[in-house]
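# Observations on chain architecture
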Amino acid sequence: NAVTGLGFQPDLIWGFTRDGSQSKRMVDSTRGGSSRVHSDSSNAATTGTAVISSFDSDGFTANGGQFNNDSGKACGAWCWRANGGTTSSNTNGSITSTVQANQAAGFSIITYTGTGSNATIGHGLSSAPDFFMTKDRGRAENWAVYHSSRGATKYLTLNTNSSENANSNRWNDTEPTSTVFSLGTNDNVNGSSATYVAYAWHNVDGYSRFGGYTGNGNAKGPFVYTGFRPRMLFIKQVDSTSNWNVFDTARDTKNFVSKHMAWDNSAI
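Residues numbered from 1 in each chain as written. Predicted model: local features only at pLDDT ≥ 70, side-chain atom pairs only at ≥ 80, totals over all residues. Heavy atoms only, no water.

### Digging into the pattern of salt bridges
A complete count under the given rule lists 6 salt bridges for this structure. Here Glu 164 and Lys 154 are joined by a salt bridge, their closest N and O atoms 3.3 Å apart. Of this pair, Glu 164 sits in the loop between strand S14 (154–155) and strand S15 (165–166) while Lys 154 sits in strand S14, and the two are 10 residues apart along the sequence. It is possible to trace a salt-bridge network through shared partners that takes in Arg 150, Lys 154 and Glu 164. (Salt bridge = Lys/Arg side-chain N within 4 Å of Asp/Glu carboxyl O. Helix = DSSP H or I, 4+ residues; strand = E, 2+ residues; numbered from the N terminus.)

Have a look at this one:
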C-alpha cells in the first residue's frame with residue numbers, strides 16, 4: 001500500500017492505527033524497514049519481514065497488514081525527514097555513532113553501541129538537542145527521554161505514564177552541547193555492548209518548539225507561545241503520572257482540537 005502526498009521522503013515513520021488497539025511503532029531508514037521499536041513498549045526491536053518496503057520520495061509503502069496497513073482500518077503516521085537515508089560516522093563523542101541528520105529541521109537519527117561507562121554521543125545537529133529519546137534495540141529496556149525544560153538531572157520514560165525521575169545514570173547530570181549529548185551507565189541508555197537507537201530534535205524558529213508550562217485547572221488553560229501554529233502537539237505532566245498525550249491537525253483539522261491518543265499505550 002503506497003501512502004503518498006506527504007511532500008517529502010520520510011526517514012522516521014511513527015505509525016498508529018486509529019480504530020483499534022495496537023502498539024505505536026517506529027521505523028526509520030537508518031535501521032531499515034524490517035526493524036521497528038514501539039513507543040508504548042520496553043520490548044526489543046521486532047525484526048523480520050519488512051513492514052515498510054520502501055521510503056519513497058512522496059511518502060512510503062507499507063507491506064502487508066503488519067504496519068499501518070491493516071485491511072479496512074483507518075491508520076496514520078507522524079513522519080520526519082532526516083537525510084534521505086544517508087548516514088555518516090560521527091566521532092565527536094567518546095562513542096562513535098552513526099548519524100543521519102537534517103540540520104535545517106533540527107532532527108537526527110542516531111545509532112550507537114553502549115560501553116557501560118559514562119560517555120558522550122555525537123548527534124549531528126547544529127545546536128544542542130531540546131528533546132531526545134533513546135532505546136535499547138536488542139533487549140527489553142525502557143525508553144529514556146531528555147527534555148530541555150527539565151534538564152539533564154531528570155529523565156522521563158516514553159513507554160510509561162510515570163512522572164519524571166532524577167538519576168545521574170541516564171544523562172550523567174550533563175546538559176547536551178551543539179555536538180554531543182551525555183550518557184550515564186544505566187542499561188536504558190548505555191549498557192555494555194548493547195545497541196541503541198536515538199531520535200533527537202532541537203528548537204527551530206517557526207517550525208518546532210519544546211518547552212514547559214504550569215497548568216491552572218481551568219476549562220481555558222494557559223496560553224503557550226510557540227511562534228507558529230503547531231501541526232502536532234504532545235503534552236506530558238512531569239510531576240505526576242500522566243499519559244504522553246498527542247494531538248495533531250491531520251485528525252482534527254479545525255479548532256477546537258479534541259482527538260488525542262497516548263504514545264505510551266496502545267489505545268487509540
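### Re the side chain of Asn 159
With respect to the helices and strands, the residue Asn 159 is situated in the loop between S14 and S15. Among the polar contacts listed, one links the side chain of Asn 159 to the side chain of Asn 142, at a separation of 2.8 Å. Discounting residues that sit within four places of it in the chain, Asn 159 has contacts with Ser 39, Asp 40, Ser 41, Ser 42, Asn 142, Trp 143 and Asp 264. (Polar contact = N/O pair within 3.5 Å; in protein donor to acceptor, adjacent residues only side chain to side chain. Contact = heavy atoms within 4.5 Å.)

### A few points about the sheet that holds strand S8 (residues 88–90)
The strands that make up a sheet are held in pairs by hydrogen bonds between backbone atoms, and each pair lies either parallel or antiparallel. Read across the open sheet, the 6 strands follow the order S8-S9-S10-S17-S12-S13; overall the sheet is antiparallel. Each edge of the sheet is formed by a strand with only one pairing partner; in this case those strands are S8 and strand S13 (144–147). Recorded for the sheet is a direction-independent mean angle of 25° between the axes of neighbouring strands. Bridge count between strand S12 (residues 131–136) and S13: 4 bridges; the pairing is antiparallel. Bridging from a neighbouring strand, Met 133 pairs with Val 145 of S13. (Pairing = 2+ DSSP bridges. Axes fitted to C-alpha atoms, helices over the stretch in contact; angles between N-to-C directions.)

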